[in-house]
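Single-letter residue listing:
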Amino acid sequence: KALLNASHHYHMAAHDFKKHGITVEGLGIDVGQMMKAKEKAIKGLTGGIEGTLFKKSKVDYMKGWGKITGPNEITVDMNEGGTETIKAKNIIIATGSDSAKIPGVEIDEKSIVTSTGALEFTEVPKKLIVIGAGVI
């Protein structure tokens, strides 16, 4: 959304400002700066959720591979190593997402990319074909 917002600002500067008597010379795109702004937004949002919201709401937050091992119980193989078993009244499993694979098409995250790879472009592609276009 940060990149979409930056693109919207660019479009406004290129097309809409003139209607309001505002001229812009030398308008361009600095993809590196756009990516820095995106990373800053992501860090702020995830830091706010993990660091503030979860603590305030007394939520135990774990990163790893988990499995339900009993009634109201989850065992998690932690990303940092080790295993933890948790018992709780309520459990939320946030699995993330994965892009669909097309048989015979190798995703290299350079010329054929998923939504994750598209968010890491270092320059704006001259041409782009989107297949699927699910929510990201």
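Structure first, text after, so check above.
My aim in this report is to walk through the structure given alongside it, one point at a time. Keep in mind that what you see is a predicted model, and the values were worked out from it rather than measured.

Looking at the overall build of the chain
- When its secondary structure is counted, the chain shows three helices and three strands.
- Reading the helices (α) and strands (β) of the chain from amino to carboxyl end gives α-α-β-β-β-α.
- The C-alpha atoms of the chain give 21 Å as radius of gyration, which overshoots the globular expectation for 136 residues (14 Å, by more than 25%).
- The contacts in the chain between residues at least 6 apart in sequence include a share of 24% that link residues at least 24 apart.
- The positive charge centre, built from 18 side chains, and the negative charge centre, built from 16, are 6 Å apart in the chain.

Some points on the pattern of salt bridges
- One pass over the structure, following the stated rule, counts four salt bridges.
- Where D16 meets K19, a salt bridge forms, and the shortest distance between an N and an O atom there is 3.4 Å.
- On the accessibility criterion, D16 (23% relative accessible area) is partly exposed.
- Here the salt bridges share partners, and the residues they tie into one network are K38, E39 and E120.

Thoughts on the side chain of T114
- Inspection of the secondary structure puts T114 in the loop between β3 (83–87) and α3 (115–118).
- Under the relative-accessibility criterion, T114 is labelled buried at 13%.
- A distance of 2.8 Å separates the side chain of T114 from the side chain of E109, its partner in a polar contact.
- When neighbours within four sequence positions are excluded, T114 is seen to be in contact with S99, I107 and E109.

The rules behind each value
Note that residues are indexed from 1 along each chain, following the sequence as it is written. Only residues with pLDDT of 70 or above have their local features reported here, since the model is predicted, and side-chain atom pairs are shown and tallied only from 80 upward, although totals for entire chains, interfaces and linings are computed over all residues. Water and hydrogen atoms were dropped before computing side-chain values, which therefore reflect all heavy atoms in the structure. A helix here means a DSSP run of H or I that spans at least four residues, while a strand means a run of E at least two residues long, and both kinds are numbered starting from the N terminus. Here the radius of gyration uses the C-alpha set of atoms, whereas the globule reference equals 2.2 Å times the residue count to the power 0.38. Note on definitions: a residue-residue contact is assigned when non-hydrogen atoms from the two residues lie within 4.5 Å. A positive count includes Lys and Arg, and a negative count includes Asp and Glu. His and the chain ends are not counted in either. Taken as the charge location is NZ of Lys, CZ of Arg, CG of Asp or CD of Glu. By definition here, a salt bridge exists when the distance from a side-chain nitrogen of Lys or Arg to a carboxyl oxygen of Asp or Glu is within 4 Å. With a 1.4 Å probe rolled over the protein chains alone, any residue whose accessible area is under 20% of its type maximum counts as buried; one over 50% counts as exposed, and the rest are partly exposed. What qualifies as a polar contact is a pair of N or O atoms within 3.5 Å, subject to a donor-acceptor requirement within protein and to the restriction that residues adjacent in sequence count only when both atoms come from side chains.

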